[in-house]
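Working through the structure, step by step
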Amino acid sequence: MAQAARAAGAARALWPGRCALAERLGGRPWPPFLAQSRAGFAGAAGGPGTPAAAARKGSPRLLGAAALALGGALGLYHTARWHLRAQDLRAERSAAQLSLSSRLQLTLYQYKTCPFCSKVRAFLDFHALPYEVVEVNPVRRTEIKFSSYRKVPILVAQDGDSLQQLNDSSVIISALKTYLVSGQPLEEVITYYPPMKSMNDQGKEVTEFCNKYWLMLDEKEAQRMYGGKEARTEEMKWRQWADDWLVHLISPNVYRTPAEALASFDYIVREGKFGALEGAMAKYAGAAAMYLISKRLKSRPGSILLMGPPAPARHHLRDDVREDLYEAANKWVAAVGGDRPFMGGQTPNLADLAVYGVLRVMEGLEAFDDLMRHTHIQPWYLRVEKAIAEAPPVH
């Protein structure tokens with residue numbers, strides 16, 4: 001039932017009317033110890049069929065008092081048993097999480113300068129999950145010829161004998177976090193994020209994923225992780241903002257001038273996987289082309305680029321795209337507020353890691369230096385960077 005509740009809640013919250021996930025999963029009976037606990041609580045309250053209820057029908061006060069005492073004792077017994085069992089489960093889960101993270105064998109197929117890939121690396125590094133990186137040649141993409149899904153990032157996860165492929169950066173993050181918190185089999189977790197074909201504004205078929213900002217947790221797991229519904233909603237909202245808006249500001253800003261475009265492609269070629277001829281062509285021809293194209297990126301969509309996709313047509317950027325970048329950064333800082341170091345409180349949450357991962361791809365470029373100098377984001381950015389660097393290794 002917990003699985004059905006997770007899926008149904010996510011489907012209602014994020015994809016109303018578009019996903020039949022909850023209906024596919026079905027329900028499960030209560031675990032034995034929970035069923036006993038429910039019976040125990042009913043006994044303590046004197047519910048139908050309990051000794052306490054029978055006592056009220058009898059006239060002797062002594063018999064009634066004894067029955068009530070017996071019912072209360074049974075209720076207390078089952079309550080105590082439930083709490084002890086819950087503590088055992090929590091202890092087992094804490095130990096299990098360490099073994100879960102350490103037994104996963106992860107391979108990330110990426111472009112290093114892609115903001116979506118950077119998001120995934122930020123998540124993996126913060127959670128100290130070991131992983132291998134396969135840099136994909138952006139021209140030939142032979143490294144991912146095994147996959148019908150042709151975008152990066154792609155994460156291949158081996159969990160024991162199970163080998164799973166996870167697509168889409170937000171799905172990868174949500175699925176792995178669900179796996180680590182709940183202990184559900186990764187093979188099962190992935191089914192909560194089914195792909196769905198749709199047509200974009202240009203009439204091209206694209207793949208979207210249901211529930212991708214939702215962690216599939218039961219109520220106790222969610223309460224333990226978030227502390228309340230507001231924090232969960234806030235995290236989801238800003239994760240989506242990072243994908244729908246922030247990431248689209250990268251390309252217009254790093255290709256803003258001819259000098260910036262050349263510096264960006266020099267960085268892309270240096271960090272990416274190009275052949276000698278491909279690298280030379282990408283650096284000079286690509287820089288010139290992207291500078292010209294960037295003039296139209298502010299109001300027109302285009303193909304995904306190494307430094308991130310351009311802004312969709314519905315987003316009309318200013319003539320000076322730096323202003324949009326500065327405004328977005330300060331908007332994020334205002335959302336975090338001054339009374340907490342991270343949106344997640346004392347530690348970064350998934351929204352912190354997403355925003356950090358997107359912005360990180362500009363490090364070393366003029367746009368990044370301007371961003372740090374002309375906005376209030378630098379203290380938060382450095383705190384996230386430090387939190388990731390200090391993540392304890394998994395043994």
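These numbers come from a predicted model, not from an experiment.

Once that is clear, we can look at the pairing of strand β1 (residues 105-110). In terms of burial, β1 is largely enclosed, as 5 of its 6 residues are buried. Where β1 and strand β3 (residues 154-159) come together, 5 bridges link them in antiparallel fashion. Pairing of threonine 107 across the sheet is with valine 156, part of β3. Here 5 bridges tie β1 to strand β2 (residues 131-135), and the two strands are oriented parallel to one another. Paired with threonine 107 across the strands is glutamate 132, a residue of β2. Considered for its hand, the β-α-β crossover made up of β1, helix α6 (residues 115-126) and β2 is right-handed.

What follows deals with unusual backbone geometry. In this chain, valine 152 is followed by proline 153 through a cis amide linkage whose omega measures 10°. Position of proline 153 among the secondary structure elements: in the loop between β2 and β3. The phi torsion at alanine 128 lies on the positive side, around 55°, for a residue other than glycine. As for its placement among the helices and strands, alanine 128 is situated in the loop between α6 and β2.

Of all 11 residues making up helix α15 (residues 350-360), 11 are buried, and the element is well covered by its neighbours. The complete set of buried residues in α15 reads Leu350, Ala351, Asp352, Leu353, Ala354, Val355, Tyr356, Gly357, Val358, Leu359 and Arg360. Measuring from the side-chain oxygen of the N-cap residue of α15 to the backbone nitrogen of alanine 351 gives 3.0 Å; that N-cap residue is asparagine 349.

Within the secondary structure, lysine 386 sits in helix α17 (residues 378-389). Along the chain, lysine 386 and phenylalanine 126 lie 260 residues apart, while their C-alpha atoms are 9.8 Å from each other.

Time to look at the pairing of β3. Most of β3 is tucked away, with 5 of its 6 residues classed as buried. Direction of pairing for β3 relative to strand β4 (residues 162-167): antiparallel, over a ladder of 6 bridges. The partner of leucine 155 across the bridge, within β4, is leucine 166. Counting the residues between successive antiparallel strands, the hairpin from β3 to β4 contains 2 residues, one of them, glycine 160, with a positive phi of roughly 70°.

Okay, the nonpolar core next. Counting 89 residues, the largest nonpolar core has Trp332, Met362, Leu371 and Trp380 as its most contacted members. Residues within four places of methionine 362 in sequence aside, it is in contact with Ile250, Val254, Leu325, Ala367, Phe368 and Leu371.

Bringing the packing of helix α14 (residues 321-336) against helix α16 (residues 366-374) into the picture now. Direction vectors running N to C along α14 and α16 enclose 50°, while the axes themselves pass 10 Å from each other. Judged on the interaxial angle alone, α16 and α14 are oblique. The two elements α14 and α16 meet at a crossing, and its hand is right-handed. Between α14 and α16, the contacting residues are Arg322, Leu325, Tyr326 and Ala329 on the first element and Glu366, Ala367, Asp370, Leu371 and His374 on the second. Of the residues that constitute the contact of α14 with α16, the class distribution is 5 nonpolar, 1 polar and 3 charged.

Pairing within the open sheet is mixed, and its 4 strands lie in the order β2-β1-β3-β4. In this open sheet, the two edge strands, each paired with only one partner strand, are β2 and β4. Neighbour-to-neighbour, the strand axes of this sheet turn through a mean angle of 20°, independent of strand direction. The sheet contacts of helix α7 (residues 169-182) involve β3 and β4, and relative to β4 the element is tilted by about 135°.

Further remarks concern the packing of aromatic side chains. Here the structure, examined in full by the defined rule, presents 9 aromatic pairs. With a centroid separation of 4.7 Å and 40° between ring planes, the pair formed by tyrosine 356 and tyrosine 381 is classed as tilted. In this pair, tyrosine 356 is assigned in helix α15 and tyrosine 381 in helix α17, connecting sequence segments 25 residues apart. Neither residue differs from the other here; tyrosine 356 and tyrosine 381 are each classed as buried. Judged by centre distance (5.3 Å) and plane angle (65°), the ring pair of phenylalanine 368 and tyrosine 381 falls under edge-to-face. Here phenylalanine 368 is found in helix α16, whereas its partner tyrosine 381 is found in helix α17, with 13 residues between them in sequence. Taken individually, phenylalanine 368 and tyrosine 381 each receive the classification buried, so the pair is uniform in this respect. Members of the aromatic cluster, joined through ring pairs, are Trp238, Trp241, Trp332, Tyr356, Phe368, Trp380 and Tyr381. Over the ring of tryptophan 214 we find arginine 232; its NZ or CZ atom is 4.3 Å from the centre of that ring.

The predicted model of the protein chain averages 77 in pLDDT, with 62% of residues at 70 or higher. Per-residue pLDDT stays below 50 along residues 85-96; that stretch engages in 7 contacts with residues further than four places along the chain or on separate chains.

On to the pattern of salt bridges. Scanning the entire structure with this criterion turns up 12 salt bridges. In this structure, arginine 256 engages glutamate 366 in a salt bridge whose closest nitrogen and oxygen atoms are separated by 3.7 Å. Here glutamate 366 lies in helix α16 and arginine 256 lies in the loop between α11 (250-254) and α12 (258-271), a separation of 110 residues in the sequence. Here glutamate 366 falls in the partly exposed class, since its relative accessible area comes to 41%. Residue aspartate 370 is joined to arginine 373 by a salt bridge in which the shortest nitrogen-to-oxygen separation is 2.6 Å. Taken as a pair, aspartate 370 and arginine 373 lie in helix α16 at a separation of 3 residues, close to a single helical turn. For aspartate 370, a relative accessible area of 8% gives the class buried. Judged by its relative accessible area of 54%, arginine 373 is exposed. Overlapping salt bridges bring together Arg256, Glu260, Asp320, Arg322, Glu366, Asp370 and Arg373 as one network.

About the criteria used
- Residues numbered from 1 in each chain as written.
- Predicted model: local features only at pLDDT ≥ 70, side-chain atom pairs only at ≥ 80, totals over all residues.
- Heavy atoms only, no water.
- Buried < 20%, exposed > 50% of the residue type's maximum accessible area, 1.4 Å probe, protein only.
- Helix = DSSP H or I, 4+ residues; strand = E, 2+ residues; numbered from the N terminus.
- Pairing = 2+ DSSP bridges.
- Right-handed = clockwise from strand over helix to strand, strands pointing away.
- Polar contact = N/O pair within 3.5 Å; in protein donor to acceptor, adjacent residues only side chain to side chain.
- Core = buried A, V, L, I, M, F, W, Y, C linked by side-chain atoms within 4.5 Å.
- Contact = heavy atoms within 4.5 Å.
- Axes fitted to C-alpha atoms, helices over the stretch in contact; angles between N-to-C directions.
- Parallel < 35°, antiparallel > 145°, perpendicular 65-115°, else oblique.
- Left-handed = near helix turned anticlockwise from the far one by under 90°.
- Nonpolar A, V, L, I, M, F, W, Y, C, P; charged D, E, K, R; others polar.
- Phe/Tyr/Trp six-rings, centres within 6.5 Å; stacked < 30°, edge-to-face > 60°.
- Lys NZ or Arg CZ within 6 Å of the ring centre and 35° of its normal.
- pLDDT = per-residue confidence, 0-100.
- Salt bridge = Lys/Arg side-chain N within 4 Å of Asp/Glu carboxyl O.

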